[in-house]
Amino acid sequence: MGEVAYLSKHRMNLQSSFYRAIPDAVFWPVFIIATLATVVGSQAIISATFSIFSQCRALSCFPRVKIIHTSKQIHGQIYIPEINWILMLLCLLVLIGFRDTNTIGNAYGLAVITVMFVTNCLMFLIIITVWNRSFFLALLFVLTFGSVELLYFSACLAKVRKGGWLPLLVGCSNFVSDVNLALRDLEKAIIRV
């Protein structure tokens, strides 16, 4: 809210509004907190990626990789060296390819809102199948939160030309590969019959 108030008076500082909106007396504490928040956010993405690839491997959807359990008390705390290296290389490729934090921010913003919208749509299935609630309750949930997310998504569409194309390209390529795998499984099932 403070950044929005700052931008309402200083529209020319759009690129650096976050740091310019902070009073000089608290600049360094806010800078440190923002940096730590970035580290925490990055760690969450890395942990989620490890979890997804571990589940894919368990479902035989991904080649076998070495999984290191980093805790004897917490079962899901894992580390996958190969995936960690791949994530590092992909981050470097994005950094070298875009060479601009604004473009990377546009790509990240579009990716986040797309994930939020897809998660919202999948909640429809969870509400109906897992929680055994009515169709209309699930529809009400999706329409309520989905409308807000669609507003955010429509605002992010302006960023497609400025870096937002990358998560869309990655998402579409994953979708095409998933459809190909599903068609291959369907073909095998038909052959068996």
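Calculation notes
- Throughout this description, residue numbers start from 1 for each chain and increase along the sequence as written.
- In keeping with the predicted nature of the model, local features appear solely for residues at pLDDT of at least 70, side-chain atom pairs appear and are counted solely at 80 or more, and the whole-chain, interface and lining totals rest on all residues.
- Each side-chain value is derived from all of the structure's non-hydrogen atoms; neither hydrogens nor water enter the calculation.
- Note on conventions: DSSP H or I runs of at least 4 residues are helices, E runs of at least 2 residues are strands, and numbering of each starts at the N terminus.
- Here, expected helix span is obtained from the residue count minus one, scaled by 1.5 Å.
- Relative accessible area decides the class of each residue, using a 1.4 Å probe on protein chains only: under 20% of the type maximum gives buried, over 50% gives exposed, and in between gives partly exposed.
- Think of it as the arc spanned by the lines of direction from the helix axis to the C-beta atoms.
- The contact rule is simple, with two residues in contact once any of their heavy atoms fall within 4.5 Å.
- UniProt positions are given in the numbering used here, feature names are shortened, and annotations may be inferred rather than shown by experiment.
- Note on terminology: a nonpolar core comprises buried Ala, Val, Leu, Ile, Met, Phe, Trp, Tyr and Cys residues joined through side-chain atoms within 4.5 Å.
- Surface patches are defined over residues having more than 30% relative accessible area and no salt bridge, joining like charges when they lie within 9 Å and nonpolar side chains (Val, Leu, Ile, Met, Phe, Trp, Tyr) when within 5 Å.
- Computed with the Shrake-Rupley method and a 1.4 Å probe, the accessible areas treat only the protein chains shown as cover for residues.
- We define a salt bridge as a side-chain nitrogen of Lys or Arg found within 4 Å of a carboxyl oxygen belonging to Asp or Glu.
- In this scheme Phe, Tyr and Trp rings, the latter by its six-membered ring, pair at centre separations within 6.5 Å, and the angle between planes marks the pair as stacked below 30 degrees, edge-to-face above 60, and tilted otherwise.
- To define axes, lines are fitted to C-alpha atoms, for helices over the stretch in contact only, and angles between the resulting N-to-C directions are given on a 0 to 180 degree scale.
- Roughly parallel covers angles under 35 degrees, roughly antiparallel covers those over 145, roughly perpendicular covers 65 to 115, and oblique covers all other angles.
- Side-chain classes are defined by residue name, with Ala, Val, Leu, Ile, Met, Phe, Trp, Tyr, Cys and Pro counting as nonpolar, Asp, Glu, Lys and Arg as charged, and the others, Gly among them, as polar.
- For the purposes of these results, a polar contact is taken to be a pair of N or O atoms within 3.5 Å, where, inside protein, one atom must be able to donate a hydrogen and its partner to accept one; residues adjacent in sequence count only when each atom of the pair is a side-chain atom.

With that settled, consider helix α4 (residues 81–98). Side chains that are three or four residues apart share a direction in an α-helix, a result of its 3.6 residues per turn. Between its first and last C-alpha atoms α4 spans 26 Å; for 18 residues at 1.5 Å apiece the expected length is 26 Å, and the two agree. Those residues of α4 lying buried are Pro81, Ile83 and Phe98. Along the axis of α4, the buried residues cluster in a sector spanning 165°; they form a single face. Exposed and oriented more than 90 degrees from the buried face of α4 are Trp85, Leu93, Ile96 and Gly97. Where α4 is buried, its residues touch α3 (27–58), β1 (68–69), β2 (78–79), α5 (101–130) and α7 (160–192).

This part takes up the UniProt feature "transmembrane region" (unreviewed entry) in the chain. Here, UniProt's "transmembrane region" (unreviewed entry) annotation points to residues 26–53, 74–96, 108–128 and 135–153. The span residues 74–96 is 70% helical and 9% strand by assignment, and the distance between its end C-alpha atoms comes to 37 Å. Regarding residues 135–153, the helix share stands at 100% and the strand share at 0%, and the terminal C-alpha atoms are separated by 25 Å.

Further remarks concern the nonpolar core. Of all hydrophobic cores here, the largest spans 6 residues; its members are Phe50, Val65, Ile67, Ile78, Ile80 and Ile83. Not counting residues within four places of it along the chain, the set of residues in contact with Ile83 comprises Thr49, Phe50, Phe53 and Phe62. Counting residues in each nonpolar core, the second largest holds 5 residues, with Met123, Phe124, Ile127 and Val142 among its members.

Here we come to a nonpolar patch on the surface. On the surface, Phe18, Tyr19, Trp28, Phe31, Ile32 and Leu36 cluster together to form a nonpolar patch covering roughly 610 Å² of accessible area. Breaking the nonpolar patch down by element, the ones donating at least two residues are α2 (17–20) and α3. Considering each element in turn, the nonpolar patch owes the most residues, 4 residues, to α3. Within the fold, Trp28 resides in helix α3. Relative accessible area serves as the criterion here: at 55%, Trp28 is assigned to the exposed category.

With that settled, the discussion passes to the packing of aromatic side chains. Enumeration according to the criterion identifies 8 aromatic pairs in this entry. Considering the side-chain rings of Phe98 and Trp165, the 5.7 Å spacing of their centres and the 85° angle between planes classify their relative orientation as edge-to-face. Linking Phe98 in helix α4 with Trp165 in helix α7, this pair joins segments that are 67 residues apart in sequence. Under the relative-accessibility criterion, Trp165 is labelled partly exposed at 40%. When the centroid spacing of 5.5 Å and the interplanar angle of 85° are considered together, the rings of Phe124 and Phe135 count as edge-to-face. Of this pair, Phe124 sits in helix α5 while Phe135 sits in helix α6 (residues 135–156), and the two are 11 residues apart along the sequence. The rings of Phe27, Trp28 and Phe31 are connected pair by pair, giving a single aromatic cluster.

Once that is clear, we can look at the packing of α5 against α6. Following both chains from N to C, one finds α5 and α6 inclined at 175°, their axes separated by 9 Å at the closest point. Relative to α6, the element α5 lies roughly antiparallel. Seen from α5, the contacting residues are Gly109, Leu110, Ile113, Thr114, Met116, Phe117, Asn120, Met123, Phe124, Ile127 and Ile128; seen from α6, they are Phe135, Ala138, Leu139, Phe141, Val142, Phe145, Gly146, Glu149, Leu150, Tyr152, Phe153 and Cys156. A per-class count over the contact of α5 with α6 returns 18 nonpolar, 4 polar and 1 charged.

Our focus in this paragraph is the side chain of Asn106. Of note, Asn106 is situated in helix α5. Within the local environment of Asn106, its side chain forms a polar contact with the backbone oxygen of Lys162, the two atoms lying 2.9 Å apart. For Asn106, the residues in contact, after removing those within four places along its chain, are Lys159, Lys162 and Gly164.

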